[in-house]
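Listed here are the chains, written in short residue letters.
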Amino acid sequence: MVMATYRRLVWRHLPVMLAGVLAGYIVGCNKPAVRRTLSLQHIFASTGCTDTAAGEQTVAEQTVAEQTVAEHAAAAASHPAENRAINAALVALVRNSDLFGLRKTIRQIEDRFNARHNYPYIFVNDVEFTDEFKHGVRDLTRAQVHFGTLDNDSWKVPEWIDPEQYALVKKTAQYPHGEKDSYRKMCRFQSGYLHHHPLLRNLDYYWRIEPDVEYYCDMGYDPFVFMKEHGIKYGWNIAMTEFMATVPTLWNTTVQFVSEHPEFIAHDSLWQWMVDEQGRYNGCHFWSNFEIVDLSFYRSKEYQMFFEHLDKAGGFFYERWGDAPVHSIAASLFLNASQVHYFSDIGYFHPSVLTCPSNARTRGSCVCDSSKSFVQNGLCTARFLQVKQAVISPNATAPAVSEPVYFAQPTIRTVHSYE
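**Details of the state of the cysteines**
- Tallied over the entire structure, the rule returns three disulfides.
- Across a sulfur-sulfur distance of 2.0 Å, Cys217 and Cys366 are joined as a disulfide pair. A torsion of 110 degrees about the S-S bond marks the disulfide between Cys217 and Cys366 as right-handed. Note that Cys217 is positioned in the loop between β5 (214-215) and α9 (223-230) and Cys366 in the loop between β12 (353-355) and α15 (379-392), a separation of 149 residues in sequence. In this pair, the class of Cys217 matches that of Cys366, namely buried.
- A disulfide bridge connects Cys356 with Cys368, and the sulfur atoms are separated by 2.1 Å. With the S-S bond torsion at 90 degrees, the cross-link from Cys356 to Cys368 turns out right-handed. On the criterion of sequence distance, the pair formed by Cys356 in the loop between β12 and α15 and Cys368 in the loop between β12 and α15 is long-range, its members being 12 residues apart.

**Some remarks on the environment of Ile122**
- Its location among the elements puts Ile122 in strand β2 (residues 121-125).
- We classify Ile122 as buried; its relative accessible area is 3%.
- For the pair Ile122 and Leu90, spaced 32 residues apart in sequence, the C-alpha separation works out to 6.2 Å.
- The residues contacting Ile122, other than those within four sequence positions of it, are Ala89, Leu90, Val91, Ala92, His146, Leu199, Leu200 and Leu203.

**Digging into the packing of helix α8 (residues 181-192) against helix α14 (residues 323-334)**
- Remark: α8 packs on α14, axes separated minimally by 8 Å, with the N-to-C direction vectors making an angle of 25 degrees. With respect to α14, the axis of α8 lies roughly parallel. The handedness of the crossing between α8 and α14 comes out as right-handed. For the pair α8 and α14, the contacting residues are Met186, Cys187, Gln190 and Ser191 in the first and Asp323, Val326 and His327 in the second.

**So, the packing of aromatic side chains**
- Under the counting rule described, the total for this entry stands at 37 aromatic pairs.
- With a centroid separation of 5.9 Å and 20 degrees between ring planes, the pair formed by Tyr121 and Phe123 is classed as stacked. Here Tyr121 matches Phe123 in class, with each residue buried.
- Every member of this aromatic cluster is reached through a ring pair, and the members are Phe113, Tyr119, Tyr205, Trp207, Tyr215, Phe224, Phe290 and Tyr348.
- In this arrangement the basic side chain of Lys170 is found over the ring face of Tyr166, its NZ or CZ atom lying 4.4 Å from the centre.
- Positioned above the aromatic ring of Trp160, the side-chain terminus of Lys312 is 3.6 Å from the ring centre.

**Quick word on the sheet that holds strand β10 (residues 340-342)**
- Reading across the sheet, the seven strands line up as β3-β2-β1-β4-β9-β6-β10 and stay open at both edges, with mixed pairing between neighbours. At either end of the open sheet lies a strand with only one pairing partner, and these are β3 (145-149) and β10. In this sheet, adjacent strand axes meet at a mean angle of 20 degrees when their direction is disregarded.
- Two strands pair when backbone bridges link them, and strand β1 (residues 88-93) and strand β4 (residues 205-208) are joined in this way by four bridges, in the parallel orientation. Bridging from a neighbouring strand, Ala89 pairs with Tyr206 of β4.
- Together, β2 and β3 form the strand contacts of helix α6 (residues 131-138), whose direction differs from that of β3 by roughly 150 degrees.
- Across the sheet, α15 touches β6 (234-236) and β10, and the angle it forms with β10 is around 130 degrees.

**Thoughts on α8**
- Between its first and last C-alpha atoms α8 spans 17 Å; for 12 residues at 1.5 Å apiece the expected length is 16 Å, and the two agree.
- In terms of burial, α8 is a largely internal element, 11 of the 12 residues being buried.
- The complete set of buried residues in α8 reads Ser182, Tyr183, Arg184, Lys185, Met186, Cys187, Arg188, Phe189, Gln190, Ser191 and Gly192.

**A look at the pattern of salt bridges**
- Per the stated rule, a full pass over the model turns up 13 salt bridges.
- Where Glu210 meets Arg208, a salt bridge forms, and the shortest distance between an N and an O atom there is 3.0 Å.
- A relative accessible area of 6% places Arg208 in the buried class.
- Lys233 is the salt-bridge partner of Asp294, the closest N and O atoms lying 3.2 Å from each other. With Asp294 in strand β9 (residues 291-294) and Lys233 in the loop between α9 and β6, the pair connects residues that are 61 residues apart, well separated along the chain.
- According to the relative accessible area criterion, Asp294 is buried, its value standing at 10%.
- For Lys233, a relative accessible area of 21% puts it in the partly exposed group.
- Through salt bridges with shared partners, a single ionic network connects Asp153, Lys156 and Glu159.

Rules behind the numbers
- Residues numbered from 1 in each chain as written.
- Predicted model: local features only at pLDDT ≥ 70, side-chain atom pairs only at ≥ 80, totals over all residues.
- Heavy atoms only, no water.
- Disulfide = S-S within 2.5 Å.
- Helix = DSSP H or I, 4+ residues; strand = E, 2+ residues; numbered from the N terminus.
- Buried < 20%, exposed > 50% of the residue type's maximum accessible area, 1.4 Å probe, protein only.
- Contact = heavy atoms within 4.5 Å.
- Axes fitted to C-alpha atoms, helices over the stretch in contact; angles between N-to-C directions.
- Parallel < 35°, antiparallel > 145°, perpendicular 65-115°, else oblique.
- Left-handed = near helix turned anticlockwise from the far one by under 90°.
- Phe/Tyr/Trp six-rings, centres within 6.5 Å; stacked < 30°, edge-to-face > 60°.
- Lys NZ or Arg CZ within 6 Å of the ring centre and 35° of its normal.
- Pairing = 2+ DSSP bridges.
- Expected span 1.5 Å × (residues − 1).
- Salt bridge = Lys/Arg side-chain N within 4 Å of Asp/Glu carboxyl O.

Okay, here's the thing in structure tokens:
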């Protein structure tokens, strides 16, 4: 029965997926990074974002290049675990039905990382967690575990959403989860409310985890410490293109916000990563099921006003704006390039996409097949590395990406309980 339902979902959404893959391929990305033009380029020019000379100042003041595993390990050796006092936690929005998948995740992250650090876990749900869930999670870790529920304001369809229009959207949507209330509420909550939940209110950093994921590498360093010491605000390790049918007005709504608040754009931002040669949104985004974030970013005036602008526009419900493109656009506009980091050394699998460090089949602390990795030379990852290099080190002679760039097609991911 489950497999039959799964096959129906595959066939139902296959045309949309293929269109998304084709759109992503057309975006291009095997070209060197160049300064691109937006339809409102004067907005960005007024902030200095197109000034290539600024990159020379950035690289002189703070060089945050993509780190190798050896460099991470060296940093870890100089910071014993008992001295790493970082106010951080591992956080997930889950349901009681996710217990088995979440137990698998916790077992892996404990073995790979957290058994040495004992960062607390925070789990939130739209209903009360069962005793079975709480016991099942606590059995796997010595770290503190906190459980919370969501308030009505953060988990609802807002009153400014027209019921009839919304009902029509759900009835006619031709993309995955287009008929789902819960999926849209989840995207809105992850975009604008999770970081304000009382259990996260005093945190400085969070690492988002999900049920049914795998971590392929022993982590010989602490990503939270690494981010704090290098001034990094946002860390990611999978990038891909969005289903464009779910975000038809997201970019225009963003440009409207930027036109009203050009002062929010970071001087050395990564906005070029998100657009093609014609200045059109290309759909590239960081897959937010893995993200490690300095929460001062999400609590900043820029981000809060941006989220409120998007929320009032209604796109979380009239379309199906996801938290991944919202987070990614914000990070690419409001942070400097040096504050956004690609954790290429953390092998990770989320159904049904994986990222795996090179040569992990034969050496190192990772065990995964890099030939099946969706990410390393995928167009959005390659484009990110090219644009970041152009911003931070515009006079670099070695290309950021030397391998051929490709667009790998993912398979349909398994259905999460909020979907």
